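Per-entry structural report
So you can see what is in the structure, the chains are spelled out below.
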Amino acid sequence: MDVLGEMESAPGDPISQESQPKPAIVPDASDNPTDYLNHCAPGQYTYQPLGIEMMGFSPAHYLDNEVKNMELRDDDIVIAAYPKTGNTWMQEMLWLIMNDADTEYAKTTAINDRVPFLEFFMHGFSGVSLIDDISRDKKNRIFYTHLPMDLVPRQVKEKRVKVVSMLRNPLDTMVSYYYFCKSYKDLGHFKGEWDDFYQLYMSEKVPYGHVVNHNLSWWNARDDLNILFVRYEDLLADPKKEVLRISEFCGVTLTPQKLETIVEATRFDVMKNNPMTNRTIYKEIDQSICAFMRKGVSGDWKNYFSDEQHTLTCEFADSKLKDAGLTYPCME
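Summarised in this report is the structure supplied together with it. (Residues numbered from 1 in each chain as written. Predicted model: local features only at pLDDT ≥ 70, side-chain atom pairs only at ≥ 80, totals over all residues. Heavy atoms only, no water.)

1. Looking at the nonpolar core
What counts, and what does not: Among buried residues, those of type Ala, Val, Leu, Ile, Met, Phe, Trp, Tyr and Cys that are joined through side-chain atoms within 4.5 Å constitute a nonpolar core. For each residue, the accessible area found with a 1.4 Å probe, counting protein chains only, is set against the maximum for its type, and the residue is called buried under 20%, exposed over 50%, and partly exposed in between. Contacts: residue pairs with any heavy atoms within 4.5 Å of one another.
Judged by nonpolar contacts, the single largest core of 100 residues is most densely connected at Leu94, Tyr177, Phe197 and Trp218. With residues near it in sequence (within four places) discarded, Tyr177 still touches Tyr82, Pro83, Lys84, Leu187, Phe197, Tyr201, Val206, Pro207 and Tyr208.

2. So, empty space enclosed by the protein
Basically, it comes down to this: Detection works on a 1 Å grid of protein atoms alone, calling trapped sets that fit a 1.4 Å probe cavities and calling open sets with protein on both sides within 12 Å along at least five of seven lines pockets, with lining residues defined by an atom within 4 Å of a point. Grid points are joined across faces, edges and corners, and a volume is the space filled by probe spheres set on the points. The classification used treats Ala, Val, Leu, Ile, Met, Phe, Trp, Tyr, Cys and Pro as nonpolar, Asp, Glu, Lys and Arg as charged, and all other residues, Gly among them, as polar.
A volume near 40 Å³ is recorded for the second largest cavity. Along the walls of the second largest cavity sit His39, Gln44, Cys181, Leu187, Leu200, Lys205, Val206 and Pro207, which together make up its complete lining. Here the residues of the lining of the second largest cavity sort into five nonpolar, two polar and one charged.

3. Focus on the pairing of strand S4 (residues 142–145)
The line we're drawing: Where helices and strands are cited, they refer to DSSP runs of H or I of at least four residues and of E of at least two residues respectively, numbered from the N terminus. In short, DSSP must find at least two bridges between two strands for them to pair.
Side chains of S4 alternate between two faces, with Ile142 and Tyr144 and Phe143 and Thr145 buried alike. Summarising the sheet, strand S3 (residues 77–80) and S4 pair through four bridges and their orientation is parallel. Within S4, the position partnered with Ile79 by the bridge is Tyr144.

4. Digging into the pattern of salt bridges
A pair can form between side chains of opposite charge whenever their charged atoms are brought close. What counts, and what does not: Salt bridges are defined as contacts in which a side-chain nitrogen from Lys or Arg sits within 4 Å of a carboxyl oxygen from Asp or Glu.
Applying the stated rule across the entire model yields nine salt bridges. A salt bridge links Lys240 to Glu260; its shortest N-O distance comes to 2.5 Å. Linking Lys240 in helix H11 (residues 239–249) with Glu260 in helix H12 (residues 256–265), this pair joins segments that are 20 residues apart in sequence. The partly exposed category is assigned to Lys240, whose relative accessible area is 35%.

5. Topic: unusual backbone geometry
Going from Gln48 to Pro49, the amide bond is cis rather than trans, its omega being 10 degrees. By the element assignment, Pro49 lies in the loop between strand S1 (45–47) and strand S2 (52–54). Residues other than glycine seldom take positive phi values, yet Arg160 does so here, at roughly 50 degrees. Mapped onto the fold, Arg160 is located in the loop between helix H6 (155–158) and strand S5 (162–167).

6. Side note on helix H14 (residues 307–321)
What counts, and what does not: Expected helix span is computed as 1.5 Å times (number of residues minus one). The directions from the helix axis to the C-beta atoms are what the arc is built from.
Taking 1.5 Å as the rise per residue, H14 with 15 residues should run 21 Å; its terminal C-alpha atoms sit 21 Å apart, in good agreement. Considered for burial, the residues of H14 that qualify are Gln309, His310, Thr313, Cys314, Phe316, Ala317 and Leu321. Summarising the axial view, the buried residues of H14 lie within an arc of 155 degrees, below the 170-degree limit, and thus occupy one face. Seen from the open side of H14, the exposed residues pointing more than 90 degrees away from its buried face are Asp307, Glu308, Asp318 and Ser319. Looking at the packing, one finds that the buried side of H14 touches helix H7 (170–183), helix H8 (194–202) and helix H9 (211–219).

7. Comments concerning the pairing of S3
With burial as the criterion, each face of S3 is covered, one bearing Ile77 and Ile79 and the other bearing Val78 and Ala80. Pairing of S3 with S5 involves four bridges; the strand directions are parallel. From the neighbouring strand, Ala80 faces S5, where its bridge partner is Ser165.

8. Some details on the side chain of Asp76
Filter applied, for reference: Polar contacts, as counted here, are pairs of nitrogen or oxygen atoms within 3.5 Å of one another; within protein the pair requires one atom able to donate a hydrogen and one able to accept it, and residues that are adjacent in sequence qualify only if both atoms are side-chain atoms.
Structurally, Asp76 is set in the loop between helix H1 (60–67) and S3. Reaching out from Asp76, the side chain makes a polar contact with the backbone nitrogen of Arg73 at a distance of 2.7 Å. Side chain to side chain, Asp76 and Arg141 meet in a polar contact 2.6 Å long. With residues near it in sequence (within four places) discarded, Asp76 still touches Arg141, Phe143, Val161 and Lys162.

9. As for the packing of aromatic side chains
Operational definition: Between 30 and 60 degrees the pair is tilted, below 30 it is stacked and above 60 it is edge-to-face, where a pair is any two Phe, Tyr or Trp rings, Trp via its six-membered ring, whose centres lie within 6.5 Å.
One pass over the structure, following the stated rule, counts 22 aromatic pairs. Measuring from centroid to centroid gives 5.7 Å for Trp95 and Tyr105, while their planes differ by 20 degrees, and the two rings are stacked. Of this pair, Trp95 sits in helix H2 (residues 87–98) while Tyr105 sits in helix H3 (residues 103–106); the two residues are ten residues apart in sequence, bridging distant segments of the chain. Residue Trp95 is classed as buried on the basis of its relative accessible area, which comes to 6%.

Put into structure tokens, the structure is as follows:
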């Protein structure tokens, strides 16, 4: 380990009634245009017993049955990343590492078709379970998830498959998530301003909960997993070093030329202009509101957080991280 709407349960499904998807409670702006603390993504529901908010496209019966019992292979790789912590960056980087730096194929195939989203119940609107779709892949299966450790397939731990987990400064993550909630249809096109979103987020009413809790779910299980933690800020500072570290973890030896190819192909400006990675092919994201790949920097939170918000968020993180051994060095 290297530390750095509503769907019914299948017959016999033991899921409690409380954990079933509930109709979206999206505030009507004409009734109360400032009721942002009641903002809810379409189909959003509270997953029990964890008490975490989940998206409607990840119904509880799917998480508790198909996802939890998914058959993994020894050579599978899982990317565990909270939303807006560098997930797309890692998808592209890891796929290129595991596929001989084949940038030509990558330029013609959308990233989510190469590295699918584990908890998305329907894949390509085909009616086929994503897990059934993944199982058809012959080799180098890579998939990503925003789920906390407790909700991923049991065999992640049992078979000790490789996991690459992204860590990013929670303050920057929150700002990036704010813009994503404004632009993404499946997150309800949040209409409020930053201060409104901050209250919503700190109340843990957003899908996947608070980033600190998500990170801790993976960090606290690290001794039982085959996991590599990668910091967003380290990727920014020295991408070549991090690509080599990731490839070594995956058992891949890169030639100097392939290393340069991967580093070049995964530069932020290159990916931002690549329709296979910038999500412009997905109409659910209104990029006239905000580009999916927005800035790709560290420290932008300073343009949004008030002194009070900064203090409260750091105090929250400190209370959660006490004695855990996990730190976020870029929060000051």
